[in-house]
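# Coordinates in review
Listed below, chain by chain, are the residues.
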Amino acid sequence: MEWHVDDVLYWPEQVEVVLTIDNTSDCFTMWRPHDLPSPEIDDKSEPKYEVRSVQTTPNSVLVLKAGGVEHKVSPLSVGRRTILKMAFVREGA
């Protein structure tokens, strides 16, 4: 999955939760925190942000606010990764 920001579908923004059920793969979940600029910023280009990553384990949870942090999952070359993705919306949204 390429770099993306989750679409805002409701107002206020939904909270998206990714529960890892099983992961025997070699893939990583990566994100670019916008408060951590990378040291190789130059004046002629867009700011670059430090990339953080984690290899999710079974029963782990990632929580993201829609429209927030840019993120991706690296390609899987071995094993498998099973997730359950949920969106939580405020009543009346």
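Read on for a plain summary of the structure. (Residues numbered from 1 in each chain as written. Predicted model: local features only at pLDDT ≥ 70, side-chain atom pairs only at ≥ 80, totals over all residues. Heavy atoms only, no water.)

## Observations concerning the overall build of the protein
We apply this condition: The helix count covers DSSP runs of H or I at least four residues long, the strand count covers runs of E at least two residues long, and both are numbered beginning at the N terminus. Should any heavy atoms of two residues lie within 4.5 Å, those residues are counted as being in contact. Computed with the Shrake-Rupley method and a 1.4 Å probe, the accessible areas treat only the protein chains shown as cover for residues.
In terms of regular secondary structure, the protein is built from zero helices and six strands. If you list the helices and strands of the protein from N to C, you get β-β-β-β-β-β. In the protein, 80% of the contacts between residues at least 6 apart in sequence involve partners at least 24 apart. Surface exposure of the protein reaches about 6,600 Å², of which carbon and sulfur atoms provide 55%.

## Topic: the packing of aromatic side chains
Aromatic rings in a pair are described by how distant their centres are and how their planes are angled relative to each other. We count it as follows: Only Phe, Tyr and Trp rings take part, Trp by its six-membered ring, and two of them pair if their centres are within 6.5 Å. Stacked means planes under 30 degrees apart, edge-to-face means over 60, and tilted covers everything else. Only when the NZ atom of a Lys or the CZ atom of an Arg is both within 6 Å of the ring centre and within 35 degrees of the ring normal do we say a charge sits over the ring.
Applying the stated criterion across every chain yields a total of zero aromatic pairs. Cation over ring: Arg32 sits above Trp3, and NZ or CZ is 3.7 Å from the ring centre.

## Thoughts on the layout of surface pockets
Basically, it comes down to this: Detection works on a 1 Å grid of protein atoms alone, calling trapped sets that fit a 1.4 Å probe cavities and calling open sets with protein on both sides within 12 Å along at least five of seven lines pockets, with lining residues defined by an atom within 4 Å of a point. Grid points are joined across faces, edges and corners, and a volume is the space filled by probe spheres set on the points. Residue type decides the class: Asp, Glu, Lys and Arg count as charged, Ala, Val, Leu, Ile, Met, Phe, Trp, Tyr, Cys and Pro as nonpolar, and the leftover types, Gly among them, as polar.
Taken as a whole, the largest pocket holds about 300 Å³ of empty space. Considering the residues around the largest pocket, the lining is formed by 17 residues, among which Val18, Thr29, Leu62, Leu64 and His71 are closest to the centre. Listing elements by their share of the lining of the largest pocket, those giving two or more residues are strand S1 (15-23), strand S2 (29-32), strand S4 (61-65), strand S5 (70-73) and strand S6 (81-88). Broken down by class, the residue content of the lining of the largest pocket amounts to ten nonpolar, three polar and four charged.

## A word on the environment of Pro58
The condition is simple: Only protein chains enter the calculation, and the probe is 1.4 Å; a residue is then buried if its accessible area is under 20% of its type maximum, exposed if over 50%, and partly exposed in between.
Counting through the fold element by element, Pro58 comes out in the loop between strand S3 (52-54) and S4. Looking at Pro58, the relative accessible area reads 41%, which means it is partly exposed. Apart from residues no more than four positions distant in its own chain, Pro58 is found in contact with Thr20, Ile21, Asp22 and Asn23.

## A closer look at the sheet that holds S1
Which entries qualify depends on this criterion: For two strands to count as paired, DSSP must find a minimum of two bridges between them. Only the stretch in contact is used when fitting a helix axis, every axis being a line fitted to C-alpha atoms; angles between N-to-C directions are given from 0 to 180 degrees.
Read across the open sheet, the three strands follow the order S4-S1-S6; overall the sheet is antiparallel. Pairing within the sheet leaves two strands with one partner each, and these edge strands are S4 and S6. Within the sheet, the average angular offset between the axes of one strand and its neighbour, ignoring direction, is 20°. Pairing of S1 with S6 involves eight bridges; the strand directions are antiparallel. When the bridges of S6 are listed, Val15 appears paired with Phe88.

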